[in-house]
Amino acid sequence: MKDIDAAHLSIVLADHRVLSEGAGIGKKLGAMDAYAEVATIVRKYGSMYLRLGDLQMAVEYYAQAAAAVGGGQLSWTGRGNVDQQRQRNLRLKHLLTELLLRDGGIYLLLGAKGAGEEES
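Structure report, in brief. Not measured: the values here are computed from a predicted model.

What follows covers the pattern of salt bridges. On inspection of all chains with the given rule, the structure shows one salt bridge. Between Glu98 and Arg43 there is a salt bridge, with the nearest N and O atoms lying 2.9 Å from each other. Taken together, the positions of Glu98 in helix α5 (residues 82–100) and Arg43 in helix α2 (residues 34–52) put the pair 55 residues apart, joining distant regions of the chain. Residue class for Arg43 comes out partly exposed when judged on its relative accessible area of 25%.

As structure tokens, then:
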């Protein structure tokens with residue numbers, strides 16, 4: 001399977017909550033659950049856009065990665081559990097910080113005119 005297929009299929013699987021939760025009986029300490037693995041796949045795909053300098057696409061995939069670790073689509077609507085919301089927020093904070101540190105990252109996130117103003 002190609003990387004692009006893996007990233008997009010992973011997003012769909014996370015959004016539709018068809019992956020198993022990581023709290024199973026045989027869970028090893030330090031092992032990632034399926035949603036964390038999906039987030040890693042999507043983040044890796046998004047980082048390709050970061051390397052190419054396409055920060056807008058990187059933001060899209062980084063946001064999807066954060067949502068996946070937070071439980072998928074429920075994460076966006078605030079219906080995930082407290083732990084999922086915490087995980088999503090931590091991942092999003094980390095990924096946005098990574099973008100801010102890139103050349104042009106501040107302008108992308110704040111807009112060229114400053115604090116959140118849209119470009120015309």
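Compared with the 27 Å implied by 1.5 Å per residue over 19 residues, the 27 Å span of α5 between its first and last C-alpha is a close match. Turning to α5, its buried residues number three or more, namely Gln84, Gln85, Arg88, Leu95, Glu98 and Leu99. One face of α5 carries all of its buried residues, which in axial projection span an arc of 155°. In α5, the exposed positions angled more than 90 degrees off the buried face are occupied by Val82 and Lys93.

Rules behind the numbers
Residues numbered from 1 in each chain as written. Predicted model: local features only at pLDDT ≥ 70, side-chain atom pairs only at ≥ 80, totals over all residues. Heavy atoms only, no water. Salt bridge = Lys/Arg side-chain N within 4 Å of Asp/Glu carboxyl O. Helix = DSSP H or I, 4+ residues; strand = E, 2+ residues; numbered from the N terminus. Buried < 20%, exposed > 50% of the residue type's maximum accessible area, 1.4 Å probe, protein only. Expected span 1.5 Å × (residues − 1). Arc of directions from axis to C-beta.

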